[in-house]
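This is what each chain is made of:
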Amino acid sequence: MKIEYRKKFLKELSKILRQSFNWHGARLDFLAKFIVALLTVRSVNLTKMAEAFSGKAKIDSHYKRLQRFFKEFKLDFVQITGFVLNHFSMENGLVLAIDRTNWKVGKKNINFLVLALVYKGIALPLMWTCLDKQGSSSTQERIAFLKHFFEVIDPQQIRFLLADREFIGKAWFGYIINQISVRIRIKKDTQISNSKGHLVNAFTLFRNLKPGEIRVLSGIRQVCGHPLYVVGLKQADGEYVIIATTDSPKIALEDYRLRWNIETLFSCLKSRGFNLEDTHMTDLERLEKLMGLLTIAFCWILLTGERRFEHKPIRIGKHGRYVKSIFRYGFEQMKNVFINASIKLDKLHQIFSIILPKAGSPELFYMRC
């Protein structure tokens, strides 16, 4: 792309982004360049991104600008949550999933706790925090995390929360089930009450199931000291999937299967998309800013994939599944159009229009004003 045209291209993108983010002009210019560079190199490694950054400055100057942004700029994460909900709001309420993704940079553990919106086979980050430690989040950490989220989002707009076996415990259950509905997988040796009210290991109430068979325990049971419904499945490999739920036990297992969408998100952020593990950052605040920028780019790519799918559906392979994900479909189109923008003006304007705020700001239905 010619330098003069690239300037116009990035200026127009900055104007579009300004309608969702009330940042200073230089910050919007940076965001536009960041997204284009991210799509070009498919990596969050700042050295690689600096090579793809637009402008007459030398690569070292671009690298320093990238470093300054993550060091100095205060990112408004609530605006990013609003951006996600504006484009992906759900008519029947929000289905959320909470989980961690972690890796190492040298000897430093990078450990993200993420709360995401489940959406059509994938999930979108709504809030996240970087834990300054290795391993599972503590009860205190996750309660503080959710309290902060509920300051932004009205709990009444949440259909239910999905969580894996890490997210159990008496104090945690005591907090969360008084806020929202949940579908949480419990460990097979978690103590729950049997039909006589005696506490037993959860799996003993399901061990006579045949592989693939499901059982919904009758009535309310005590789970970690709290009244919940319990449903269990014995898998073909003999492993148990046991779900504690506040309501709707007959469909709780079906609901819980949606939790896998957050794993798909992590895969897209990492090896299948942005190669998040390529970052050399170890500062927690800078990593959280990086996740914020990736969330904006991720949402845009997904919206582009959806729009492209409406006009030209993805081919179904011999295995009976789509040969590409919506994320990859959007990623490919955005990269191709950005590289060839001077000869694909119509498609470029279509892609730009995708991230314009929807009329009526539907995110206000969910967000506390």
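Residues numbered from 1 in each chain as written. Predicted model: local features only at pLDDT ≥ 70, side-chain atom pairs only at ≥ 80, totals over all residues. Heavy atoms only, no water.

Undergrad: So what exactly am I meant to see when it comes to helix α10 (residues 284-311) here?
TA: Because the α-helix completes a turn every 3.6 residues, residues three or four places apart line up on one side. Counted at 1.5 Å a residue, the expected span for α10 with its 28 residues is 40 Å, and the 41 Å between its end C-alpha atoms agrees. In terms of burial, α10 is a largely internal element, 21 of the 28 residues being buried. Between the side-chain oxygen at the start of α10 and the backbone nitrogen of E285 there is a gap of 3.2 Å, and the oxygen is on D283. (Helix = DSSP H or I, 4+ residues; strand = E, 2+ residues; numbered from the N terminus. Expected span 1.5 Å × (residues − 1). Buried < 20%, exposed > 50% of the residue type's maximum accessible area, 1.4 Å probe, protein only. Polar contact = N/O pair within 3.5 Å; in protein donor to acceptor, adjacent residues only side chain to side chain.)

Undergrad: In this structure, what is going on with the packing of aromatic side chains? I would like to understand it.
TA: Within a pair of aromatic rings, the relevant descriptors are the distance that separates the centres and the angle that separates the planes. Per the counting criterion, the structure on display carries 24 aromatic pairs. For the ring pair F274 and F327, a centre distance of 5.9 Å and an interplane angle of 75° mean the geometry is edge-to-face. With F274 in the loop between α9 (260-269) and α10 and F327 in helix α11 (residues 326-339), this residue pair connects regions lying 53 residues apart in the sequence. Among the aromatic residues, those joined into a ring-pair cluster are F21, W23, F30, F34, F53, F69, F70, F73 and F83. A cation sits over an aromatic face here: R142 above W172, 5.4 Å from the ring centre. The positively charged end of K188 is found above the aromatic ring belonging to F203, 5.9 Å away from the centroid. (Phe/Tyr/Trp six-rings, centres within 6.5 Å; stacked < 30°, edge-to-face > 60°. Lys NZ or Arg CZ within 6 Å of the ring centre and 35° of its normal.)

Undergrad: Mind showing me how you'd approach the side chain of T304 here?
TA: Note that T304 resides in helix α10. Owing to a relative accessible area of 1%, T304 belongs among the buried residues under this scheme. Engagement of the side chain of T304 in a polar contact is seen with the backbone oxygen of W300, the distance being 2.9 Å. What T304 contacts, discounting residues up to four positions off in sequence, is G330, Q333, M334, I351 and I354. (Contact = heavy atoms within 4.5 Å.)

Undergrad: I tried to follow the nonpolar core on my own but got confused; where do I start?
TA: The nonpolar side chains of soluble globular proteins are, as a tendency, buried together. With 126 residues, the main nonpolar core has F34, I176, F274, W300 and F338 as its most contacted residues. A total of 14 residues in this core trace back to one element, the largest contributor, which is α10. Counting residues in each nonpolar core, the second largest holds 7 residues, with V231, I243, A252 and L253 among its members. (Core = buried A, V, L, I, M, F, W, Y, C linked by side-chain atoms within 4.5 Å.)

None of the figures reported here should be taken as evidence of function without further support.
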